[in-house]
Amino acid sequence: MVRPCPDEADTARLLALAWWDRPAEQLTRLLRTVMSGTVDDIEAAAPTA
């Protein structure tokens, strides 16, 4: 399934999360959410600094 690109607001939220800069162990835990979740899901699952 191809999903539409995120809108500008969601793009800004994803950039602010910078999930790709997280340590590998955090990314492993977030992988399923990043691959199939919404921006809200990623925000909720991402550990805070």
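Refer to the structure printed above.
Since we're looking at a predicted model, the values are computed, not measured. (Residues numbered from 1 in each chain as written. Predicted model: local features only at pLDDT ≥ 70, side-chain atom pairs only at ≥ 80, totals over all residues. Heavy atoms only, no water.)

Colleague: Any chance you could explain helix H2 (residues 24–36) here in plain terms?
Modeller: Here H2 contains 13 residues, and its C-alpha end-to-end distance of 18 Å stays within 8% of the 18 Å for a straight helix at 1.5 Å per residue. For H2, the principal kink sits at Leu30 and spans about 55°. (Helix = DSSP H or I, 4+ residues; strand = E, 2+ residues; numbered from the N terminus. Expected span 1.5 Å × (residues − 1). Bend = angle between axes of the 7 residues up to and from the residue.)

Colleague: Would you mind going over the nonpolar core with me for this structure?
Modeller: Considering soluble globular proteins, one finds that nonpolar side chains tend to be buried as a cluster. Leu14, Leu17, Val39, Ile42 and Ala46 form the largest nonpolar core, which has five residues in total. Beyond its immediate chain neighbours, meaning those up to four positions away, Leu14 contacts Pro6, Trp19, Trp20, Val39 and Ile42. (Core = buried A, V, L, I, M, F, W, Y, C linked by side-chain atoms within 4.5 Å. Buried < 20%, exposed > 50% of the residue type's maximum accessible area, 1.4 Å probe, protein only. Contact = heavy atoms within 4.5 Å.)

Colleague: Even after reading the chapter, I still don't get the pattern of salt bridges, so can you show me in this structure?
Modeller: A side chain with one charge may pair with a side chain of the opposite charge, provided their charged atoms come close. According to the stated counting rule, one finds three salt bridges in the structure shown. Across the pair Asp40 and Arg13 runs a salt bridge, and its minimum N-O distance is 2.4 Å. Note that Asp40 is positioned in helix H3 (residues 39–45) and Arg13 in helix H1 (residues 8–17), a separation of 27 residues in sequence. A salt bridge links Arg13 to Glu43; the shortest N-O distance between them is 2.8 Å. Of the two residues, Arg13 is situated in helix H1 and Glu43 in helix H3; the sequence distance between them amounts to 30 residues. Note on Arg13: relative accessible area 25%, which makes it partly exposed. Residue Glu43 is classed as partly exposed on the basis of its relative accessible area, which comes to 36%. (Salt bridge = Lys/Arg side-chain N within 4 Å of Asp/Glu carboxyl O.)

In short, shape yes, function no, at least from these values alone.
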